[in-house]
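# Structural characterization, general
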Amino acid sequence: MARIIVVTSGKGGVGKTTTSASISTGLAKRGHKTVVIDFDVGLRNLDLIMNCERRVVYDFVNVIQGEATLNQALIKDKRVDTLFILPASQTREKEALTKDGVEKVINELSETFDYIVCDSPAGIEHGALMALYYADEAIVVTNPEVSSVRDSDRILGILQSKSRRAEMGQDPVKEHLLLTRYNPDRVERGEMLSVTDVEEILAIPLLGVIPESQVVLNASNQGLPVILEDQSDAGQAYDDAVARLLGEEREHRFMTSQKKGFFSRMFKGG
Amino acid sequence: MSDTAASGLKQSFQLKSASVSLTALELYYFDNDEFEANLRDKISQAPGFFKDIPLVISLEKYEGLDSELDFFKMIGTCRRHNIHVIGVRAGNDDQRRLARGASLALFPGSSLREQAPARAQPDEATKSEAETSSPADVPTSEPAPAKIISQTVRSGQQVYAPEGDLIILAPVQAGAEVLAAGNIHVYGPLRGRALAGIHGAETARVFCQSLEAELVSIAGHYKISEDLQDNGWKSAVQIQLRDDLLVVTPLDKA
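Okay, so let's go over this structure. (Residues numbered from 1 in each chain as written. Chains lettered and ligands numbered in written order. Predicted model: local features only at pLDDT ≥ 70, side-chain atom pairs only at ≥ 80, totals over all residues. Heavy atoms only, no water.)

### Remarks on the overall build of chain A
For chain A, the count of helices and strands is 13 helices and 8 strands. Relative to its 270 residues, chain A shows a buried fraction of 55%. About 12100 Å² of surface is accessible on chain A, with carbon and sulfur atoms providing 48% of the total. (Helix = DSSP H or I, 4+ residues; strand = E, 2+ residues; numbered from the N terminus. Buried < 20%, exposed > 50% of the residue type's maximum accessible area, 1.4 Å probe, protein only. Areas by Shrake-Rupley, 256 points an atom, 1.4 Å probe, with all protein chains shown as cover.)

### Observations concerning the nonpolar core
All names here are of chain A. Within the largest apolar cluster, 51 residues are counted, with the highest numbers of intra-cluster contacts made by Phe-39, Phe-60, Leu-86, Leu-97, Val-102, Leu-109 and Ile-116. Per-element accounting of this core gives the leading share, 5 residues, to helix α7 (residues 146-162). Listed in part, the 35 residues of the second largest apolar core include Val-117, Leu-224, Ile-227 and Leu-245. (Core = buried A, V, L, I, M, F, W, Y, C linked by side-chain atoms within 4.5 Å.)

### What to know about unusual backbone geometry
Phi at Phe-254 of chain A is positive, roughly 60°, even though this residue is not glycine. Residue class for Phe-254 of chain A comes out buried when judged on its relative accessible area of 16%.

### Topic: the sheet that holds strand β9 (residues 184-190) of chain B
All names here are of chain B. Within the open sheet, the 6 strands sit side by side as β5-β7-β9-β11-β14-β15. Their pairing is mixed. Looking at which strands have only one partner, the edges of the open sheet turn out to be β5 (147-149) and β15 (245-250). Neighbouring strand axes in the sheet, compared pairwise and without regard to direction, differ in orientation by 25° on average. Strand direction decides the pairing type here: strand β14 (residues 237-242) and β15, joined by 6 bridges, are antiparallel. From the neighbouring strand, Gln-240 faces β15, where its bridge partner is Val-247. (Pairing = 2+ DSSP bridges. Axes fitted to C-alpha atoms, helices over the stretch in contact; angles between N-to-C directions.)

### A look at the interface of chain B and chain A
Note on interface size: it is often stated as the accessible area lost on association of the parts. Facing the 11 residues of chain B at the interface are 13 residues of chain A. Surface buried jointly by chain B and chain A totals about 940 Å² across both partners, of which 36% is contributed by carbon and sulfur atoms. Considering only the surface of chain B that becomes buried against chain A, Arg-154, Ser-155 and Arg-191 of chain B emerge as the three largest contributors, covering 52% of it. Across the contact surface, chain B and chain A share 3 salt bridges. (Contact = heavy atoms within 4.5 Å. Buried area = accessible area lost by both parts, 1.4 Å probe. Salt bridge = Lys/Arg side-chain N within 4 Å of Asp/Glu carboxyl O.)

### Examining the sheet that holds strand β7 (residues 174-182) of chain A
All names here are of chain A. Read from one edge of the open sheet, 8 strands run β3-β4-β2-β5-β1-β6-β7-β8, paired in mixed fashion. A single partner strand is all that each edge strand has here, and the edge strands are β3 (75-76) and β8 (206-211). Where strand β2 (residues 34-38) meets strand β5 (residues 115-119), 5 bridges bridge the pair, whose relative direction is parallel. Considered in β5, the bridge of Val-36 is made with Val-117. Relative to the sheet, helix α1 (residues 16-29) contacts β1 (3-8), β2, β4 (83-86), β5, β6 (137-142) and β7, its axis offset from that of β5 by approximately 170°. This element, helix α5 (residues 99-112), spans β1, β2, β4 and β5 of the sheet and lies at about 145° to β5.

Here it is in structure tokens:
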């Protein structure tokens, strides 16, 4: 049985797709057979970040509607050979994702894969609900600002009430907080919420903190999951997050300002 | 007459004793326009909970003239707001005759109040206990059980205790709403909206470990976040109603 992980947030533009790409790549790199599904029907992005947009023939909706088999639609990643991508349809409506259809696809994937990563669309509408419905674990991607935190709180409430686990009365979905676009300098200036603030409000375990970085943007533009930029702080932060997801204990990094040491030394010296 | 019972046929009904909880509207005086304005105001605070509720008009504190007591207007106004007046509690003989004329059921006066003189000045606490446990006139042998929630109440979620107290052993997040007929206890930060005494129990209170609420309401009297900042903000407090005003007191000095 595969472990089903949803990457969700409520709010848009916080880094769900970036996170889905990196987490799935990270899991696959460690030898776990992983598939990442784009649930954002109509606003397909994952294929761009995974650099497989030119190889999309069939998509998730085609499979649900029986127009293609799963094997025809799955795209094998060129960099990591245990990683597969199931792209979203760009031309259909989100309603094309039916509960039964999604279940059928997930059950079939469960037979051969170790991890199924579901990249949720923003919002709390049908597409997002379908992405989280079958989840065993949830990575809640949050930016350190109040509206993102509020929306994450909302999505946590939905996970507790509308997921299959909640409806069946099973163990609740395991929740992880992933703080992205974290800028310790701006936190110090009081322009951003700190890790402690967000942890205190949301009260769920912290999976990782991804520092705000130009590398993330560059990697996305090149169609490279940022976790493969293993010299960058963002890449390493994602690698830590994957390790923690698999149960490893790793100390949190990139939470304090790098430059601060330099400046404070300057001021002390002067 | 019919001998259906004797002939072994099933009767069309059976009478059973039932005990239900009702909302009582304690009327001080009646002016239809003001009545409607006040009603609309109350409903706007928790629209969902007043829809299609049965209501008993309590006349124990009625101070107006009997001639002003137009039950037909009252019923009509309530009906427009989807509230069903089913009867009248207490009141003198004339008032009760008027009520009967409007096809309303007659309930006896509150047993609680009738007993009160027998007791030696019941103190504030026991009075509040008694009143919150029986929000309406229906005699209940046991207080309504409290609803206990141990999971965080997240933004967009609503928790409702229609009869008794609501006890939450976790944070109530911004954008969440908790409502109770009785008291509300939050053993964690209260960041959302808390409405206690929603059926009109003015002795209901709100207790929380850290007051960060968007809104606190007791029996329809409310304060919004802005008005709560100056007193007890982000600390452990209780909030109660005194002379129609919400009063915030730190818990350590209570």
